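Report on the structure
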Amino acid sequence: MHGRDNGDDNGAGGGGDGGVVSFTSPLSDVERRARTHAILCVVGFLILLPIGALVARYSRTLRYKWFWAHWIIQLLISAPVILVGWAMGYKTTNKLETPHFTDPHQKVGLALLILYIIQMALGAIVHFFKFPSVFRGHRAPHNYLHVLVGLAIFALAQWQVHYGLFTEWLLTGGLHQVPESAKHAWLALVIVFWALYGLGMALLPRQFKQESQARKVRKEDPNSTNTSA
């Protein structure tokens, strides 16, 4: 944050332009914690998780095991970032000496953590429990639930980051403002994700065709290991 101060006649202001200088004050401890929390959560929820979702959306029609790339990004890479970011937010609230889970940002943060855990469990169920004898090779309801929960997480996380940048940051004391570049980055991440995801939906006909062919193969040869994604 840039401030302005008038120097004295001895040139403490640094020049003969009236002694006007600009300075940058350091972030407070609370601000540093909040900034770290924000960066980690943005990376986790608005960059890593969307990348993992887009990997699945774009590559599931290709002839390779896309699931493992999806799983590594969504769990092994994203989970440490998200958990540490969430913990930093909790510690920031402790530092502010305010109650936990009382305002919208804190409540939604808890909801996002719970949804993320549920989503990881759903992903495991979708991949490892196909129930072919029950659903006759068609997609099980929990497949669709997995997609819907994922999209809900992205929408909620985007709202959460917006609230954090524009409203929650004020709880740190208002000494420094959130840079406009951070707000522009938020908007860019939102637009890019939904644009790419929307374009990826154009692959659905190809995906459904491949799944239909896989069902036909299994019907002709019950011992076939060809399974739908």
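Residues numbered from 1 in each chain as written. Predicted model: local features only at pLDDT ≥ 70, side-chain atom pairs only at ≥ 80, totals over all residues. Heavy atoms only, no water.

Under the annotation held in an unreviewed UniProt entry, the protein carries the name Cytochrome b561 domain-containing protein and is attributed to Psilocybe cyanescens. Per UniProt, the protein carries the Subcellular location (unreviewed entry) text "Membrane". According to the UniProt record, the Cofactor (unreviewed entry) comment for the protein is "heme b". (UniProt positions renumbered as here; feature names shortened; annotations may be inferred.)

**A word on the overall build of the protein**
Within the protein, the regular secondary structure consists of 7 helices and 2 strands. Secondary structure elements of the protein occur, N-terminal to C-terminal, as β-β-α-α-α-α-α-α-α. Counting contacts in the protein only where the partners sit at least 6 residues apart, residues at least 24 apart contribute 67% of the total. Element-wise, carbon and sulfur atoms account for 66% of the exposed surface of the protein, whose accessible area totals about 13800 Å². (Helix = DSSP H or I, 4+ residues; strand = E, 2+ residues; numbered from the N terminus. Contact = heavy atoms within 4.5 Å. Areas by Shrake-Rupley, 256 points an atom, 1.4 Å probe, with all protein chains shown as cover.)

**Notes on the nonpolar core**
Core analysis: the largest hydrophobic core is formed by 25 residues, its most contacted members being F45, L49, L112 and W186. The set of elements that each furnish at least two residues to this core consists of α1 (29–59), α2 (66–96), α3 (104–128), α5 (141–166) and α6 (180–200). Considering every element that reaches this core, the biggest residue donor is α1, with 7 residues. Those residues in contact with W186 that lie beyond four places of it in its chain are L46, Q158, V161, H162 and L165. (Core = buried A, V, L, I, M, F, W, Y, C linked by side-chain atoms within 4.5 Å. Buried < 20%, exposed > 50% of the residue type's maximum accessible area, 1.4 Å probe, protein only.)

**Things to note about the packing of aromatic side chains**
Under the counting rule described, the total for this entry stands at 11 aromatic pairs. Between F67 and W68, the aromatic rings sit 5.1 Å apart at their centres with planes inclined by 75 degrees, giving edge-to-face as the arrangement. For W68, a relative accessible area of 40% gives the class partly exposed. Between F193 and W194 the ring centres are 4.9 Å apart and the planes differ by 70 degrees, which places this aromatic pair in the edge-to-face class. (Phe/Tyr/Trp six-rings, centres within 6.5 Å; stacked < 30°, edge-to-face > 60°.)

**Here we look at the UniProt feature "transmembrane region" (unreviewed entry) in the protein**
Under the local residue numbering, the UniProt record ascribes the feature "transmembrane region" (unreviewed entry) to residues 37–56, 68–88, 108–131, 143–165 and 185–205. With 100% helix and 0% strand, residues 143–165 has its two end C-alpha atoms placed 34 Å apart. In residues 185–205, the share of helix is 86% and the share of strand is 0%. The end C-alpha atoms are 33 Å apart.

**Some points on the environment of T61**
By the secondary structure assignment, T61 is in the loop between α1 and α2. Here the alpha-carbon distance between T61 and K209, two residues 148 residues apart in the chain, equals 9.7 Å.

**Comments concerning the confidence of the model for the protein**
A residue-level look at the protein finds 79% of positions with pLDDT of 70 or above and a mean pLDDT of 84. Ranking the elements of the protein by mean pLDDT puts strand β1 (residues 2–6) last, at 42, and α6 first, at 97. Note that residues 1–18 has pLDDT below 50 and, in this model, 27 contacts with residues that lie over four places away or in other chains. (pLDDT = per-residue confidence, 0-100.)

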